[in-house]
Amino acid sequence: MKKVLTAIVFFGIIFAIFISQETQAQTVRDEVYTKENVPAKEPLSYAHLREADVMWSKKLWQMIDVRKKMNQPLYFPIEDMRDRKSLIQLIVHGIEEEGLTVYESDLFKEDEIMTEDEAKSELGAETVTTEVQQEDGSMETEEVDRGVQYDEITKYLIKEQWYFDRKHSTLQVRILGICPIREYTDEDTGEKRKRMAFWIYFPEARSVFAKHEVFNRNNDAQRVSFDDFFHQRRFDSYVTSESNVYGNRDVQEYTTGINTLLEAKEIRNEIFEFEHDLWEY
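All figures in this text were calculated on a predicted structure; none of them were measured in a lab. Here the residue numbering is sequential within each chain, running from 1 through the sequence in written order. For a predicted model such as this one, the threshold for reporting local features is a pLDDT of at least 70, and the threshold for listing and counting side-chain atom pairs is 80 or more; totals across whole chains, interfaces and linings nevertheless cover every residue. Hydrogens and water are ignored here; the side-chain numbers use all heavy atoms of the structure.

*Asks:* Teacher, can you tell me more about the overall build of the protein chain here?
*Replies:* Secondary structure summary: the protein chain contains six helices and twelve strands in total. Within the protein chain, counting contacts between residues at least 6 apart in sequence, those at least 24 apart form 62% of the total. For the protein chain, the accessible surface area stands at approximately 18,200 Å², while carbon and sulfur atoms represent 50% of it. Only DSSP runs of H or I covering at least 4 residues are called helices, and only runs of E covering at least 2 are called strands; the numbering of each starts at the N terminus. In what follows, a contact means two residues having at least one pair of non-hydrogen atoms within 4.5 Å. In this description, accessible areas are obtained by the Shrake-Rupley approach with a 1.4 Å probe, and a residue is regarded as covered only by the protein chains that are shown.

*Asks:* Whenever I open this one, the environment of Val173 confuses me. Can you help?
*Replies:* Note that Val173 resides in strand β7 (residues 170–185). For the exposure calls, accessible area comes from a 1.4 Å probe over protein chains only, and a residue counts as buried if that area is under 20% of its type's maximum, exposed if over 50%, partly exposed in between. According to the relative accessible area criterion, Val173 is partly exposed, its value standing at 23%. Each C-alpha atom of the pair Val173 and Arg233 lies 9.9 Å from the other, and the pair is 60 residues apart in sequence.

*Asks:* How do you make sense of the nonpolar core when you look at a structure like this?
*Replies:* The nonpolar side chains of soluble globular proteins are, as a tendency, buried together. To form a nonpolar core, buried Ala, Val, Leu, Ile, Met, Phe, Trp, Tyr and Cys residues must be joined to one another through side-chain atoms within 4.5 Å. Core analysis: the largest hydrophobic core is formed by 35 residues, its most contacted members being Leu87, Ile91, Tyr156, Phe198 and Phe230. Contributing elements (two or more residues each) for this core: α2 (87–97), β6 (153–165), β7, α4 (202–209) and α5 (226–231). The greatest single-element share of this core, amounting to six residues, is contributed by α2. Dropping the residues within four chain positions of it, Phe230 is found in contact with Ile64, Leu74, Leu87, Ile175, Ile178, Phe202 and Phe235. Counting residues in each nonpolar core, the second largest holds ten residues, with Trp56, Trp162, Leu171 and Val251 among its members.

*Asks:* When you look at the pattern of salt bridges in this model, what are you seeing that I'm missing?
*Replies:* A side chain with one charge can pair with a side chain of the opposite charge if their charged atoms come near. Salt bridge, as used here, is a side-chain nitrogen of Lys or Arg placed within 4 Å of a carboxyl oxygen of Asp or Glu. Counted by the stated rule, this structure contains 21 salt bridges. A salt bridge links Glu191 to Arg193; the nearest nitrogen and oxygen atoms lie 3.6 Å apart. For Glu191, a relative accessible area of 44% corresponds to the partly exposed category. Connected through shared salt-bridge partners, Lys35, Asp83, Glu213, Asp220 and Arg223 make up one network.

*Asks:* So what exactly am I meant to see when it comes to the side chain of Gln89 here?
*Replies:* Along the chain, Gln89 falls in helix α2. In this structure the side chain of Gln89 is engaged in a polar contact, spanning 2.7 Å, whose partner is the backbone oxygen of Ile78. Sequence-distant contacts of Gln89, that is, excluding residues within four places in its chain, are made with Pro77, Ile78, Glu79, Asp80 and Tyr150. Pairing of N or O atoms within 3.5 Å defines a polar contact, subject to two protein rules: one partner must be a possible hydrogen donor and the other a possible acceptor, and residues neighboring in sequence count only if both atoms are side-chain atoms.

*Asks:* For this particular structure, what's the right way to read helix α6 (residues 258–277)?
*Replies:* For an α-helix, 3.6 residues make a turn, and residues three or four places apart therefore share a direction. Over its 20 residues, α6 runs 28 Å from end to end, which matches the ideal 28 Å to within 8%, given 1.5 Å per residue. Taken together, the buried positions of α6 are Ala264, Ile267 and Ile271. Projection of α6 onto a plane perpendicular to its axis shows the buried side chains occupying an angular sector of 55°, all on one side. Opposite the buried face of α6, at more than 90 degrees from it, the exposed residues are Ile258, Lys265 and Asp277. Looking at the buried residues of α6, the elements they touch are β1 (54–65), β6, β7 and β12 (238–242). Expected helix span is computed as 1.5 Å times (number of residues minus one). Here the arc refers to the set of directions running from the helix axis out to each C-beta atom.

Shown next, in the form of structure tokens:
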């Protein structure tokens, strides 16, 4: 009987220690409260749109330069942090963990789907040959796997469709796709190069974007999700192309210098003038 009581007391002490350690581990955190809003958030469904209700529509391609102050929350942090990611880190996370589909172009065709390795290669992940110093001081050539170069993604090209919904008498816009732009230095020639990495179908990515926060410069307790950031148009951008008869050619293909910016502003202004002219006062 004594042995049974001793065993019960022994296991009771062990269990109490285990519970105490687990409770202590759970209380060690970087926040004074548990964030549940954004991590558990689901993207709001788009309103149903009938073809008969769309009386006017136009597709635009716009460039987001993340080096501008307003867009910096999309660029930083360069290194992954506990409570937030940059946009490119989130996209890579979506590709690796959430099965986000990657396309070669903004047509989003099934025969243009890229693999995870191909997508990372477009972002600078590769095997490089470098000189590594050994313990005896000698230098030997070794192959080193270099990961994604997050700091080289300085721009994003978005494809969006503007349309006038006559049922609700409003001008609306929906983003269709997003493309990271990588700017890097060619190691062989030393020249600056820029290339479009790949395209992500934005409606598919919304479930990933809705669960991660964008940094708020003024209030850490009032951060919005990446999905809200784009839906609420909290970024600065400029038009690079519009749907046109010339194969959707870019603005810079027929203008130069300051005229390129003026033409981009004119394209955007035409849209808002169209909406304005529908009404009489």
